[in-house]
There are 6 protein chains.
Amino acid sequence: MRPSGRNLNEMRAVSIETDVTKHAEGSCMIRIGDTHVLCTASIEDRVPPFIKGSGLGWVTAEYGMLPRSTSSRMRREATSGKQGGRTVEIQRLIGRSLRAGVDRVAMGERQITVDCDVIQADGGTRCASITGGWVALKLAVAKLMKAGDIVSDPLVSPVAAVSCGIYAGQPVLDLDYPEDSEAGVDGNFIMRGDGQLIEVQMSAEGAVFSRDQMSALLDLAEHGVRDLVDAQLKATG
Amino acid sequence: MRPSGRNLNEMRAVSIETDVTKHAEGSCMIRIGDTHVLCTASIEDRVPPFIKGSGLGWVTAEYGMLPRSTSSRMRREATSGKQGGRTVEIQRLIGRSLRAGVDRVAMGERQITVDCDVIQADGGTRCASITGGWVALKLAVAKLMKAGDIVSDPLVSPVAAVSCGIYAGQPVLDLDYPEDSEAGVDGNFIMRGDGQLIEVQMSAEGAVFSRDQMSALLDLAEHGVRDLVDAQLKATG
Amino acid sequence: MRPSGRNLNEMRAVSIETDVTKHAEGSCMIRIGDTHVLCTASIEDRVPPFIKGSGLGWVTAEYGMLPRSTSSRMRREATSGKQGGRTVEIQRLIGRSLRAGVDRVAMGERQITVDCDVIQADGGTRCASITGGWVALKLAVAKLMKAGDIVSDPLVSPVAAVSCGIYAGQPVLDLDYPEDSEAGVDGNFIMRGDGQLIEVQMSAEGAVFSRDQMSALLDLAEHGVRDLVDAQLKATG
Amino acid sequence: MRPSGRNLNEMRAVSIETDVTKHAEGSCMIRIGDTHVLCTASIEDRVPPFIKGSGLGWVTAEYGMLPRSTSSRMRREATSGKQGGRTVEIQRLIGRSLRAGVDRVAMGERQITVDCDVIQADGGTRCASITGGWVALKLAVAKLMKAGDIVSDPLVSPVAAVSCGIYAGQPVLDLDYPEDSEAGVDGNFIMRGDGQLIEVQMSAEGAVFSRDQMSALLDLAEHGVRDLVDAQLKATG
Amino acid sequence: MRPSGRNLNEMRAVSIETDVTKHAEGSCMIRIGDTHVLCTASIEDRVPPFIKGSGLGWVTAEYGMLPRSTSSRMRREATSGKQGGRTVEIQRLIGRSLRAGVDRVAMGERQITVDCDVIQADGGTRCASITGGWVALKLAVAKLMKAGDIVSDPLVSPVAAVSCGIYAGQPVLDLDYPEDSEAGVDGNFIMRGDGQLIEVQMSAEGAVFSRDQMSALLDLAEHGVRDLVDAQLKATG
Amino acid sequence: MRPSGRNLNEMRAVSIETDVTKHAEGSCMIRIGDTHVLCTASIEDRVPPFIKGSGLGWVTAEYGMLPRSTSSRMRREATSGKQGGRTVEIQRLIGRSLRAGVDRVAMGERQITVDCDVIQADGGTRCASITGGWVALKLAVAKLMKAGDIVSDPLVSPVAAVSCGIYAGQPVLDLDYPEDSEAGVDGNFIMRGDGQLIEVQMSAEGAVFSRDQMSALLDLAEHGVRDLVDAQLKATG
């Protein structure tokens, strides 16, 4: 029934390749089916003004899509003079989600910026960015711990994300682009490795949903996130 | 236990004053406690390029805060040269929510822009904007129907919104500013008059939540939205 | 002869409602006929760089129009990325005018920002902003004096403004929008309570005027400003 | 008493050199003492959207200062990303003033853009721009008439401008920069060749003025404008 | 003598991997040592306004660097609101260079946009972009020819580029980042496969060079471009 | 054969008028035929952040064109919100070129900004800007030396520039606008007074060139620069 032939509760193939660029403190290429996102984590000693002197750390994120990551070429945001509304929403979500898995006291007064750049898009780029972003963050933190700059691990739990939606009347896991563009209801579920929820975003463009449907999607999401966390832990060894 | 002395499941006082400006086709001032939002609906014959010639209508929204709607003065977005990320997120949410209650075929090829300007803020401005925005939209549509420009009512159901959160460990309904700035978990629940969900946004800054907590907040939200819909229907009566 | 049926030297109804928002140190809603402007005054301890350390105070103003304050919806300046030329001109005028009534030594090294936001426009918004802005300023200063932060009153005289113009060949007081859009010559007259002039701006789009006509408009303006100052004093009582 | 040793009612030396660039349809370099402004008039067949098809012409103006036209180097507006408030005010004034001397029907549906670029500034640049701008406009119109593109002269009267102010307690004509920066009250007076007024802008930064003082400045301005119109007529011969 | 141990006339390892993204009509990842650039070519039916209706084609280019392609993180151009001067210079160069190898009549009235995004930078990114950009362009053109949309091959010759410079007093081929940041003189040489020159840019920051040195660099460049053209031809087979 | 009737190796008339504005520390109007550029040099005590405390000086440049310096009116960059790509390229080139003639240690920790504003354009404005810019720089430095602020002359050699190109199949010196817009190949040659090269930029829009042609253009350029340096030395005498 799904365009890809997958089962309703079947994720696309997940692969996480680490240390893909020589400059970043942490990096990975995450591939969720045909969605490929390059995630890098960059450590800086300065923190944003509003926490200066607090001793707390900060994790922030930026998101971008290469102009031809999509089926037809998109205008480059650098030429249009600003980041669009969708980009701003997504990068705020990534940052907020990753911070939910961080002990900011243990991290110390430094900032880690996670850049998520979509090389190829086929649906679910924001979820892939969160999942891959956590891997890059983990690798950067590992470097700090190895160097003795951080003593106790500030990453309290893995953070991963998956989208689910109602496609052709059925709840399905991990929407790809053909499904995403048809689904009346879709949601992004960001969770920790222990199953606790960090963020739930369900929305219906031109449709509505019931509490039962919501519950069915949450079941799928819990299932998907378990697989993603396994892949994260394997990648960060 | 709540700073305002309200019960856990008690909304603030709700008032909706209609026809508050002489120019707009529909308008109201919605007051949810000390949160006051002026909502106007403006009808235009042109539609966005992507639906030109489709025969479908469009509802969009813009959101703003007066510089001194807040406790300390905010910089005016017109002087900083762009709308901030939070503004963009909110106005996209308002538009998406209102469209979920609209039959765009019945509406005909026209656009209605709902402007939500916060005169005084005390938490929950985006939810008040959606609830008040629907009233302004309803009044503008009524004018079109009275003039015979629209034959069958395109507003399939009222759309209203309320925030709930975990405050001091307890699920509470309709967060005011002091609660909102302390709550570890908060959510916005946008629903139709028939109880169907349009959008759920739950997020935890520096915290997590369980499915049980999520369920408790949904119960509160359903209760609150019922009251809001009553107020909407009375106002547009 | 006037569209509104007013006499040539008759102002519209003036009302000034004070303390209309709970956050601002001073605030009022001024209504000059159907022109409604919300004015707030915000006290800040910092001053602009060019007077830092001088011991002098500063009064500045910002001006905005809600998108549907006008007959047809205007584009929001926050979305067009900058304040238009008209906005910039008006807010510079408001600030300059209010400063002419202030003893900046007595004020002490602090800044008061007066925000004038047009809720509903029907001609004369800049003059209403100045007149209402002075009331908001006065209330904020009163708060500072009550708290003992300022000892001697820095407001040396009320500042009020009115527009006059040549409409259908006749000098008329307090142009409303239908008159303003037809008048060949119009002017804004900003005065102090003692009748001294602060600023005179007369301009003729596609027309000219004589010194005699200028004198007639000044007579009308003096008359109108006296009424406005009475209303200001009553409001700030 | 004046820093320059001039009499109270004495203008600086005025010179107007025409046809100073080979590309513009009309051009002049106007020198009022040490204030030098290059004015060019450019004819275009298109008009702004709001008068398209009306048969009417349009005159508009732009104003700029070279970065080192001033005593200390100013930031180039092209690098700061926008024209400042003062620039916008001035170019709107120049356009409005020039239009007051134009019969837009006789002009035909075309636009003439007058660019005023300050090469060297010593006070009074906006007045010099208007006076020189009219000369450039006149020369461009002459070219259109000679070519038979316009039959009856649309320039009904010369337009010229001068500043006057209260300096050291005395009304003085044609303020130079040292006077301008000290004057408590100053005004710009834009007039036609026949003595009719087009625009009067009097303002007092941190001061006030009486109707008698206003009258004295107007007397001076009438005197100065007569001299400027003589220079304009001689230059356009 | 070179930090990398290479001979003076030795290029870094060159690899060109084609068809690396599923959406673009042509794509490659070019790796010149540790400089990795993703090049995509996107075909569009519209052309820029200035050649509309001419029957001629157009090739244009855009260039970007991922924020962590560099040793320390760069600010994302989309957030700073504009492309920097260096970016603009480079993308203009890439477009101009590629057009020099194109028969725009044979191409037909369509546009191909070549996007060059630097994944990892180690010197010579603009030259790698040109060389890889030509490969992406070639693959896109091949697709058009295969589909019969273009009949005769518009790519008259390969276009490739290499940088050379004076490092430690010696002319060297293909500067990597450590060399580039030390070289007093460096140049970019863009050539066609037949050895003809398209563009030469030699510059000396804080130094000068003689005609003899220029000649030595040209000799090296001719040698390097021959190798690059071999790699291009092998990749596009 | 040339539109102007000049010989292949003949420059246009060169004139350099110095001290043309009263405010700038150094200034000149350079006229190369009908190309007229006003160059000013402004001394500032502050340097850019990246050399603060180094004891080194900095020379930078900005470039602009008056809107009607060209045959048809150009949009003012201040109104389009940014400097175009061509402007940015040119001003970076001017700054880089001038710095190649400066001993930044001898200059001391100060900045000189050279502004080049094109009053009238007829081809070769960037070369005229460099040649005239050096004269303005020289005059500003002379003022610093006379005042004893600099002891040893930091200007090690004059810097001048000329364009050459292949026009109608022939190498020609100093392209004017009609030639420039037709030439298949053109180049800018920036040299020091001693004949050493600072920058060579040769490019072919839709054409290619051989090493022999490149050599012929260099011969012409050396010849032209000698004349320009003579004019520079005479002007700064």
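Residues numbered from 1 in each chain as written. Chains lettered and ligands numbered in written order. Predicted model: local features only at pLDDT ≥ 70, side-chain atom pairs only at ≥ 80, totals over all residues. Heavy atoms only, no water.

Helix and strand counts for chain A stand at six helices and nine strands. The principal-axis extent of the C-alpha atoms belonging to chain A is close to 50 × 40 × 30 Å. The buried share of chain A, reckoned over its 237 residues, is 59%. In chain A, the proportion of contacts linking residues at least 24 apart, taken out of those at least 6 apart, comes to 70%. Of the roughly 8,700 Å² of accessible surface on chain A, a fraction of 47% belongs to carbon and sulfur atoms. (Helix = DSSP H or I, 4+ residues; strand = E, 2+ residues; numbered from the N terminus. Buried < 20%, exposed > 50% of the residue type's maximum accessible area, 1.4 Å probe, protein only. Contact = heavy atoms within 4.5 Å. Areas by Shrake-Rupley, 256 points an atom, 1.4 Å probe, with all protein chains shown as cover.)

Mapping chain E onto chain A is achieved by rotating through 180° and translating by 0.0 Å along the same axis, at an RMSD of 0.0 Å. The superposition operator between the copies reduces to a two-fold rotation axis. Here 97% of the interface residues in chain E have copies in chain A that are interface residues too; the copies meet face to matching face. (Least-squares fit on C-alpha atoms with pLDDT ≥ 70 in both.)

This next bit is on the sheet that holds strand S9 (residues 197–204) of chain E. Here eight strands make up an open sheet; going across it, the order is S7(E)-S6(E)-S8(E)-S9(E)-S9(F)-S8(F)-S6(F)-S7(F) and the pairing antiparallel. Every interior strand has two partners, whereas the edge strands, strand S7 (170–173) of chain E together with strand S7 (170–173) of chain F, have only one. Here the strands of the sheet are splayed against their neighbours by 15° on average, with no regard to which way each runs. Examined bridge by bridge, S9 of chain E and strand S9 (residues 197–204) of chain F share five bridges and lie antiparallel to one another. (Pairing = 2+ DSSP bridges. Axes fitted to C-alpha atoms, helices over the stretch in contact; angles between N-to-C directions.)

Turning our eyes to something else, we now look at the pattern of salt bridges. By the definition in use, this model includes 126 salt bridges over all chains. Salt-bridge contacts for Arg-92 of chain D lead to Glu-89 of chain C; the nearest nitrogen and oxygen are separated by 2.7 Å. Note that Arg-92 of chain D is positioned in helix H2 (residues 85–99) and Glu-89 of chain C in helix H2 (residues 85–99), a pairing that runs across two chains. Overall, Arg-92 of chain D belongs to the partly exposed group, its relative accessible area being 33%. Classification of Glu-89 of chain C as buried rests on a relative accessible area of 15%. In this structure, Arg-76 of chain F and Asp-115 of chain D form a salt bridge, with 2.7 Å as the shortest nitrogen-oxygen distance. (Salt bridge = Lys/Arg side-chain N within 4 Å of Asp/Glu carboxyl O.)

What follows concerns the UniProt feature "binding site: phosphate" (unreviewed entry) in chain A. The UniProt feature table records "binding site: phosphate" (unreviewed entry) at Arg-86, Gly-124, Thr-125 and Arg-126 of chain A. For the residues just named, distributed over 41 residues, the greatest C-alpha separation is only 13.3 Å, placing them together at one site. Checked against the element boundaries, Arg-86 of chain A lands in helix H2 (residues 85–99). Residue Arg-86 of chain A is classed as partly exposed on the basis of its relative accessible area, which comes to 33%. Once residues within four sequence positions are removed from consideration, Arg-86 of chain A is found in contact with Tyr-63, Met-65, Thr-125 and Arg-126 of chain A together with Arg-92 of chain B. When you line up the elements, Arg-126 of chain A lands in helix H4 (residues 125–146). Beyond its immediate sequence surroundings of up to four residues, Arg-126 of chain A is in contact with Arg-86, Ile-90, Leu-93, Asn-188 and Gln-201 of chain A. (UniProt positions renumbered as here; feature names shortened; annotations may be inferred.)

Applying the stated rule across the entire model yields zero disulfides over all chains. Looking at Cys-39 of chain C, it has no disulfide partner, and the nearest cysteine sulfur is the one in Cys-116 of chain C, 4.2 Å off. The structure places no disulfide on Cys-28 of chain D, whose sulfur is separated from the nearest cysteine sulfur, that of Cys-39 of chain D, by 4.5 Å. (Disulfide = S-S within 2.5 Å.)

The next point concerns the arrangement of the chains. The smallest C-alpha distance separating chain A from chain D is 11 Å, and no contact links them. Chain F makes no contact with chain C, the minimum C-alpha separation between the two being 10 Å.

Here we take up the interface of chain E and chain A. Taken together, the contacts link 37 residues of chain E with 36 residues of chain A. Summed over both partners, the interface of chain E with chain A comes to about 2,700 Å²; 48% of that surface belongs to carbon and sulfur atoms. Considering only the side of chain E, the residues that lose the most area to chain A are His-23, Arg-68 and Arg-73 of chain E, jointly responsible for 26% of the buried surface there. The interface formed by chain E and chain A includes 14 salt bridges. (Buried area = accessible area lost by both parts, 1.4 Å probe.)

On to unusual backbone geometry, then. All names here are of chain D. For Asp-19, which is not glycine, the phi dihedral falls at a positive 55°. Within the fold, Asp-19 resides in the loop between strand S1 (14–18) and strand S2 (26–32). Of note, the phi angle at Ala-168 is positive, near 50°, even though the residue is not glycine.

Next up on the list: the UniProt feature "domain: Exoribonuclease phosphorolytic" (unreviewed entry) in chain A. Cross-referencing UniProt, the feature "domain: Exoribonuclease phosphorolytic" (unreviewed entry) maps to residues 10–140 and 158–222 of chain A in the present numbering. In residues 158–222 of chain A, the share of helix is 25% and the share of strand is 45%. The end C-alpha atoms are 14 Å apart.

A few words now on the packing of aromatic side chains. Residues and elements named next belong to chain D. According to the stated counting rule, one finds six aromatic pairs over all chains in the structure shown. Ring geometry for Phe-50 against Trp-58: centres 5.1 Å apart, planes inclined by 90°, an arrangement best described as edge-to-face. You can call Phe-50 exposed: its relative accessible area is 58%. (Phe/Tyr/Trp six-rings, centres within 6.5 Å; stacked < 30°, edge-to-face > 60°.)

Moving on, we get to the interface of chain C and chain B. Each partner contributes residues to the interface: chain C has 37 residues there, and chain B has 36 residues. Carbon and sulfur atoms supply 48% of the area that chain C and chain B bury against each other, a total of about 2,700 Å² over both sides. Our enumeration of links across chain C and chain B arrives at 14 salt bridges. Among the ionic pairs, Asp-115 of chain B bridges to Arg-73 of chain C, the shortest N-O distance being 2.6 Å. When contributions to the side of chain C that touches chain B are tallied by element, the ones reaching two or more residues are strand S3 (35–44), strand S4 (58–65), helix H1 (77–80) and strand S5 (111–120) of chain C. Per element, the largest residue contribution to the side of chain C that touches chain B is six residues, and it comes from S5 of chain C. Split by residue class, the side of chain C that touches chain B holds twelve nonpolar, 13 polar and twelve charged. (Nonpolar A, V, L, I, M, F, W, Y, C, P; charged D, E, K, R; others polar.)

Once that is clear, we can look at the sheet that holds strand S1 (residues 14–18) of chain F. All names here are of chain F. One open sheet holds the five strands; their spatial order is S1-S2-S3-S5-S4, and the pairing between them is mixed. The open sheet has two edge strands with one neighbour each: S1 and strand S4 (58–65). Sheet twist, expressed as the average angle between the axes of neighbouring strands with direction ignored, equals 20°. Across the sheet, helix H4 (residues 125–146) touches S1, strand S2 (26–32), strand S3 (35–44), S4 and strand S5 (111–120), and the angle it forms with S3 is around 35°. The sheet contacts of helix H6 (residues 211–236) involve S1 and S2, and relative to S1 the element is tilted by about 25°.

Residues and elements named next belong to chain E. Taken N-terminus to C-terminus, the directions of helix H4 (residues 125–146) and helix H6 (residues 211–236) make an angle of 30°; their axes are 10 Å apart at the nearest point. Relative to H6, H4 is oriented roughly parallel. Crossing of H4 against H6: the hand is right-handed. Between H4, through Thr-131, Trp-134, Val-135, Lys-138 and Leu-139, and H6, the contact on the second element is made entirely by Leu-228, Gln-232 and Thr-236. (Parallel < 35°, antiparallel > 145°, perpendicular 65-115°, else oblique. Left-handed = near helix turned anticlockwise from the far one by under 90°.)

All names here are of chain F. Mapped onto the secondary structure, Gly-124 falls in the loop between S5 and H4. In this structure the C-alpha to C-alpha distance between Gly-124 and Gly-187, which are 63 residues apart in sequence, comes to 10 Å. Beyond its immediate chain neighbours, meaning those up to four positions away, Gly-124 contacts Arg-12, Thr-35 and Leu-175.

Below, the discussion takes up the layout of surface pockets. The probe, sized like a water molecule, is rolled over the atoms to show the empty space still left. In this structure, the second largest pocket spans a volume of roughly 1,200 Å³. Around the second largest pocket sit 38 residues that line it, and Arg-92 of chain A together with Arg-86, Arg-126, Asp-180 and Asp-186 of chain B are the ones nearest its centre. Looking at the lining of the second largest pocket element by element, the count peaks at four residues for strand S9 (residues 197–204) of chain B. A per-class count over the lining of the second largest pocket returns eleven nonpolar, 14 polar and 13 charged. (1 Å grid on protein atoms, 1.4 Å probe; cavity = no way out; pocket = protein on both sides within 12 Å on 5 of 7 lines; lining within 4 Å. Points joined across faces, edges and corners; volume = space filled by probe spheres on them.)

When pLDDT is averaged across chain A, the result is 95; 100% of the residues are at 70 or more. Across the interface, the model reports ipTM at 0.94; the global pTM reads 0.88. (pLDDT = per-residue confidence, 0-100.)

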